[in-house]
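Here is what each chain is made of, one letter per residue.
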Amino acid sequence: MKSAVETLNPTRVRLTVEVPFEELKDSLDAAYKKINQQVTVKGFRKGKVPARVIDQRFGRGAVLEEAVNDALPKFYTDAVNEAELNPLGQPEVDITELKDGETLNFTAEVDIRPAIEIPDYSGIEVEVDAVEVTDEDVEKSVEQLRERFASTSPVERAAEDGDVVTIDLEAKVDGEVLEDGVANGVSYTIGSGELLDGIDDAVKGLEAGGEATFTSELKGGSAAGKEAEVTVKVSQVAARELPELDDEFAQLASEFDTLEELKADSRKRLENMKQYDQATQAQERVLEKLLELVEVPVPEKLLEDEINTRKHNLEHHQLGQMGLDLAKYLEIQGKTEEEFETETREAAVKGIKTQFVLDELVKQEKLNVNQEELTEHLMRRAASSGMSPDQFAQAVVEQGQVPLLVGEVARGKALASVVEKATVKDTNGEIVDLEDEEEDEATESAEATESAEGAEQAGATESAAEEKTEG
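Residues numbered from 1 in each chain as written. Predicted model: local features only at pLDDT ≥ 70, side-chain atom pairs only at ≥ 80, totals over all residues. Heavy atoms only, no water.

Chemist: I tried to follow the overall build of the protein chain on my own but got confused; where do I start?
Modeler: Summing up its helical and strand segments, the protein chain has 15 helices and 11 strands in all. Taken over C-alpha atoms, the radius of gyration comes to 32 Å for the protein chain, far larger than the 23 Å a tight globule of 471 residues would show. Based on the C-alpha atoms only, the size of the protein chain along its principal axes is roughly 100 × 65 × 40 Å. Restricting the contact set of the protein chain to residue pairs at least 6 apart, pairs at least 24 apart contribute 70%. As displayed, the protein chain has an accessible area near 26600 Å², and 44% of this comes from carbon and sulfur atoms. Put simply, the protein chain has 50 plus and 109 minus side-chain charges, and the middle of one group is 9 Å from the middle of the other. (Helix = DSSP H or I, 4+ residues; strand = E, 2+ residues; numbered from the N terminus. Rg over C-alpha atoms; globule rule 2.2 N^0.38 Å. Contact = heavy atoms within 4.5 Å. Areas by Shrake-Rupley, 256 points an atom, 1.4 Å probe, with all protein chains shown as cover. Lys, Arg positive; Asp, Glu negative; His and termini not counted. Charge placed at Lys NZ, Arg CZ, Asp CG, Glu CD.)

Chemist: Explain the sheet that holds strand β4 (residues 103–112) to me, please; I cannot follow it from the model alone.
Modeler: Two strands in a sheet stick together by hydrogen bonds in their backbones, pointing the same way (parallel) or opposite ways (antiparallel). Reading across from one edge, β1-β2-β4-β3 is the order of the four strands in this open sheet, with antiparallel pairing throughout. Pairing within the sheet leaves two strands with one partner each, and these edge strands are β1 (2–9) and β3 (87–99). Direction aside, neighbouring strands of the sheet carry axes that sit 20° apart on average. In this structure, strand β2 (residues 12–20) lies alongside β4, joined through nine bridges in antiparallel fashion. By the bridge assignment for β4, V13 is matched with V110. (Pairing = 2+ DSSP bridges. Axes fitted to C-alpha atoms, helices over the stretch in contact; angles between N-to-C directions.)

Chemist: I keep staring at the confidence of the model for the protein chain and nothing clicks. Help me out?
Modeler: Keep in mind that low pLDDT regions are not for reading the predicted coordinates in detail. With 92% of its residues at a pLDDT of 70 or more, the protein chain has an overall mean of 88. A low-confidence stretch, residues 446–471 (pLDDT under 50), is modelled with 62 contacts involving residues beyond four sequence positions or located in other chains. (pLDDT = per-residue confidence, 0-100.)

Chemist: Explain the UniProt feature "domain: PPIase FKBP-type" (unreviewed entry) in the protein chain here, please?
Modeler: UniProt records the feature "domain: PPIase FKBP-type" (unreviewed entry) at residues 162–215, using the numbering of this structure. In the segment residues 162–215, helix accounts for 9% and strand for 54%; the C-alpha atoms at its two ends are 22 Å apart. (UniProt positions renumbered as here; feature names shortened; annotations may be inferred.)

Chemist: How should the pattern of salt bridges be read in this particular structure?
Modeler: Pairing between side chains of opposite charge can happen when their charged atoms approach one another. In total, this model carries 33 salt bridges according to the counting rule given. Where E97 meets K99, a salt bridge forms, and the shortest distance between an N and an O atom there is 3.3 Å. Salt-bridge contacts for K350 lead to E288; the nearest nitrogen and oxygen are separated by 3.8 Å. Placement of the pair is K350 in helix α10 (residues 337–365) and E288 in helix α7 (residues 259–293), with a sequence separation of 62 residues. With relative accessibility at 39%, the residue E288 sits in the partly exposed group. (Salt bridge = Lys/Arg side-chain N within 4 Å of Asp/Glu carboxyl O. Buried < 20%, exposed > 50% of the residue type's maximum accessible area, 1.4 Å probe, protein only.)

Take a look at the structure:
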């Protein structure tokens, strides 16, 4: 077999492959054997029909087609390996010549990973928000804890802001009560914004036994997005009573003996949260600076596939779970379809570029992923997916996604190495020491960059080559 590579552009090549006919022998033998098992010829036992008879009865062309379908993926893979290419996605295969007994010639066009040069990035400088926790922040945190320990007691008066009302709801659309539009004994805190728009104004001023009707757009259910006439009936009004802010409350709401200890712990927790946010911000900004330094051509086909995948996931998974369609989502976001298309494309480009650059850094820095790192990453991914670690691990193995997780961890380590060499200052001009938060944060940042991974599976390219020859 002889092969040559023609570079069509920085992300696409054309392979020209010439295969001597004798190299098709094994595939021809396999083709005759397969056809033998599928046909019946009078005078011959099944599976014992001579090759010349198959040629006469069914045509040599059918045998050649079967043989080429069998052999083409291997020749394509051999040519890719010989040229040391990193293909992305499925090849477009075209058989240019097939002469029985002489030769098989074909071309295969395929997207490839572009060659990337990583310049010196040690001079990257970014600014992040300073970690500052005010007394007001602490008071707000303690007040939120206090709210959680509030008690309620029924009152005989009209409902006011902050009261907890027990209500029955009935929703009608076009005069018809919805099957899923009735709810009884619902507990609702006035002003919380947890139910329908307009319900606060409807129930305020009502006493137990009172009812009101208002119009609201339904947020979920069978008539999500439609205007409904909602009747609300109050069966009880209860006032919320907050506990006193003292040492007794600290003992009730925490493991601390005094209110001052509780406040000190709240301050520490807020500082940790802000440090975590600061680390995330640092990595996002370092990554942006890094991408600005590197010229990364993006394969157009890969980009279109990534855009379509992002749209599909948004429409059929995220929005579907919220009972929204794309048009309603854009209306809520205050975006036009053109703005959405532009943002999706920009995000896809950034995701692909990020993966290419970080993967090149992994190779350049010779970064490896050990079992402990992979396990920790798997645990985080399992937690975010709502699955147990065992369930998530089983799903990952069954779907052949282990290499993807390894790639995510490796890219996280690559980004962490860049952040480590960058100069990070806060808005006060102080140097920020991110310590060990880098790798955890970088790993999570890299999770969004698996755009091209799935396209690199060898099975996908081989099946594409088979389908092409069948056409």
